[in-house]
Each structure stands twice: as C-alpha cells, then as structure tokens.
Amino acid sequence: MGNPISNSTSNSVKGVPPWASGKPGKYMEEVLRTVIRKRGNPPADFERLVVEKGLIYQVRFDVLAAISMLETNWWNFGGNVTADMNNPAGIRCQCKKYPLACRQGTNGETYGAYKTLEDGIKHFAAHMFCYTSSVDWANARPADPCWSEWYSQELRKAKDYGLEPDSIDACYSLWRDGALPPTEGCKEAVVSIKAIVAEFEKAAKELAPDNPNKPSLPSWLLPVGIGLLAIFLWGKRTRQ
C-alpha cells in the first residue's frame with residue numbers, strides 16, 4: 001500500500017490527526033463518538049468505519065467525520081440524499097464508469113447509493129484520497145475514475161491560489177464545487193468543518209489517558225451504589 005503518513009498538520013487532510021498519533025483505534029473512535037452523539041445519531045458502526053477506512057487510505061478520519069456531519073446535517077439529512085442511500089457525504093455520480101449504483105436526489109442530480117454503510121464510507125475515504133494525491137499508492141483510482149479525469153488536474157492549480165493541495169480548503173473546494181479557488185460559500189463551509197475538527201481535538205485532550213482531569217464517575221456515585229446494593233440485599237434476605 002506504499003508508505004503511509006503517520007501524522008499531519010492541523011490543516012492537512014492526509015495522515016492522522018496530531019492527537020491520534022500512536023493511540024489505539026478504540027480511543028480514536030471514542031473521541032469521534034463523544035462529539036458526534038451530542039448532536040447526531042448515525043448508525044452504530046459509523047465511528048469505527050470512519051477510523052478504519054481513514055487509516056487504510058491515510059486520510060484524516062476526523063476530517064472525514066466532520067465533512068460527513070456537515071453534509072448530512074449531523075445525520076439528520078433533509079437535503080438531496082437520504083439515509084437509506086448509505087452515502088455519508090453526498091457523493092455525486094459525475095464521471096464515466098462510476099463504480100456504484102446511482103439514484104436521483106431531490107434536486108434532480110444523481111448521487112451514489114451504496115449497498116452498505118461500509119461501502120459508502122470506503123468510497124468516501126478513497127474519494128478524499130483522490131483529492132489529495134497525484135500518486136495512486138493507495139490504489140484508490142479504480143474506486144474513483146474522477147481522479148485522472150478531473151481531480152489530479154485541478155489539484156495542480158492549488159498553489160496558484162496560495163493553497164496546499166492537501167489542505168482542507170483545497171480539498172473541500174473540489175468536493176463542494178468541483179473547482180478552485182474556493183467560493184465564498186465554500187469558505188463558510190470550511191469554517192464549519194474546521195470548527196468540528198477543533199471539537200474533536202478538544203474531546204481528545206479531555207479523554208486522553210494521561211489527562212489528570214479526564215472525566216470519571218462522580219465521587220458520590222460509588223457510595224450511593226453501595227448503599228442501594230446493601231438495601232437490595234437486606235430486602236431480599238428479609239423476604240426469604
């Protein structure tokens with residue numbers, strides 16, 4: 001699969017979030033879950049699949065999750081794509097020989113419809129890889145024919161607008177509008193994406209194993225629990 005990227009800058013889509021380097025997958029999943037479940041209710045495996053596919057394609061799973069939350073309105077939908085399409089980021093069918101079934105959205109355009117959520121997230125991660133690289137070491141190109149017909153050519157323009165090709169700004173501009181430079185609407189969306197990424201970073205610090213202020217069970221819970229258990233056992237004994 002080539003040489004994976006072990007880390008990334010705060011604005012890069014490549015690699016893993018700085019806070020996730022060297023951490024176990026369960027910790028990564030829990031960080032995402034802590035933020036996402038406050039406002040949304042995606043399928044139970046969503047966080048696990050985003051982490052898994054992000055690591056395979058070496059694109060930041062926190063950025064994948066943030067884009068998905070933005071595109072699906074925190075999994076409440078209400079836009080052009082419905083939940084049963086297993087399309088976690090509103091991927092449209094645009095290039096020839098698209099490797100998935102397509103369905104018409106509420107706006108008349110065609111969008112990807114996947115058999116399973118895993119298929120949808122896998123293609124989402126491959127799709128994002130194609131927005132960040134001119135070398136197909138992750139073998140994402142077969143999953144995304146747009147890579148050679150469109151994305152790789154557009155990425156070459158990024159530096160003309162003062163953007164790094166792997167930046168959130170450049171990648172989401174291609175994602176949203178299919179071209180560079182970012183429009184005003186795209187810039188507003190990127191602000192939202194970065195805000196969600198920042199929420200993940202904050203949650204990561206709070207949940208870090210070495211954080212002395214890591215949330216724990218309230219100090220009153222243990223004695224109350226012991227007291228309730230004692231009452232239960234006493235009641236059970238008197239009934240015998």
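Participant: Which parts of the structure should I look at to understand the overall build of the protein?
Facilitator: When you go through the protein residue by residue, the secondary structure sums to 8 helices and 2 strands. From first element to last, N terminus to C terminus, the protein shows the α and β order α-α-α-β-β-α-α-α-α-α. In the protein, buried positions account for 45% of the 240 residues. Element-wise, carbon and sulfur atoms account for 54% of the exposed surface of the protein, whose accessible area totals about 12600 Å².

Participant: What's the story with unusual backbone geometry in this structure? I'm lost.
Facilitator: Apart from glycine, the bulk of residues carry a negative phi angle, and the bulk of peptide bonds sit in the trans form. Leu 180 connects to Pro 181 through a cis peptide bond whose omega is 0°. Position of Pro 181 relative to the elements: it lies in the loop between helix H6 (168-177) and helix H7 (184-207). Positive phi values are uncommon outside glycine, yet Trp 75 reaches one of about 65°. In this structure Trp 75 comes out as buried when scored by relative accessible area, which is 12%.

Participant: Any chance you could explain the packing of helix H1 (residues 25-39) against helix H2 (residues 46-57) here in plain terms?
Facilitator: Pairs of packed helices are described in terms of their axes, by the angle between the two and the distance that separates them. Packing of H1 against H2 brings their axes to within 9 Å, and their N-to-C directions diverge by 130°. Accordingly, the angle class assigned to the pair H1 and H2 is oblique. Remark: the crossing between H1 and H2 carries right-handed chirality. Seen from H1, the contacting residues are Met 28, Glu 29, Leu 32, Arg 33, Ile 36 and Arg 37; seen from H2, they are Phe 46, Glu 47, Arg 48, Val 50, Val 51 and Leu 55. The residue inventory of the contact of H1 with H2, partitioned by class, reads 7 nonpolar, no polar and 5 charged.

Each value, and the rule that gives it
The residue count restarts for each chain, going from 1 along the sequence in the order it is written. Since the coordinates come from a predicted model, pLDDT governs what is reported: local features require at least 70, and pairs of side-chain atoms require 80 or more to be given and counted, while whole-chain, interface and lining totals use all residues. The basis for every side-chain value is the complete set of heavy atoms in the structure, and neither hydrogens nor water enter the calculation. Counting from the N terminus, the helices are DSSP H or I runs at least four residues long and the strands are E runs at least two residues long. Relative accessibility decides the category of a residue: with a 1.4 Å probe and only protein chains considered, values under 20% of the type maximum give buried, values over 50% give exposed, and everything between is partly exposed. Reported accessibility uses the Shrake-Rupley method at a 1.4 Å probe radius. Residues are deemed covered only where the shown protein chains occlude them. Under this scheme, a helix contributes an axis fitted over its contacting stretch, all axes are lines through C-alpha atoms, and angles between N-to-C directions fall in the 0 to 180 degree range. Any angle from 65 to 115 degrees is called roughly perpendicular, while one under 35 is roughly parallel, one over 145 is roughly antiparallel, and all others are oblique. Here a crossing is called left-handed whenever its near helix is offset anticlockwise from the far helix by less than a right angle, and right-handed whenever the offset is clockwise. In this analysis, two residues are considered to be in contact whenever any of their non-hydrogen atoms come within 4.5 Å of each other. In this classification, the charged set is Asp, Glu, Lys and Arg, the nonpolar set is Ala, Val, Leu, Ile, Met, Phe, Trp, Tyr, Cys and Pro, and all remaining amino acids, among them Gly, are polar.

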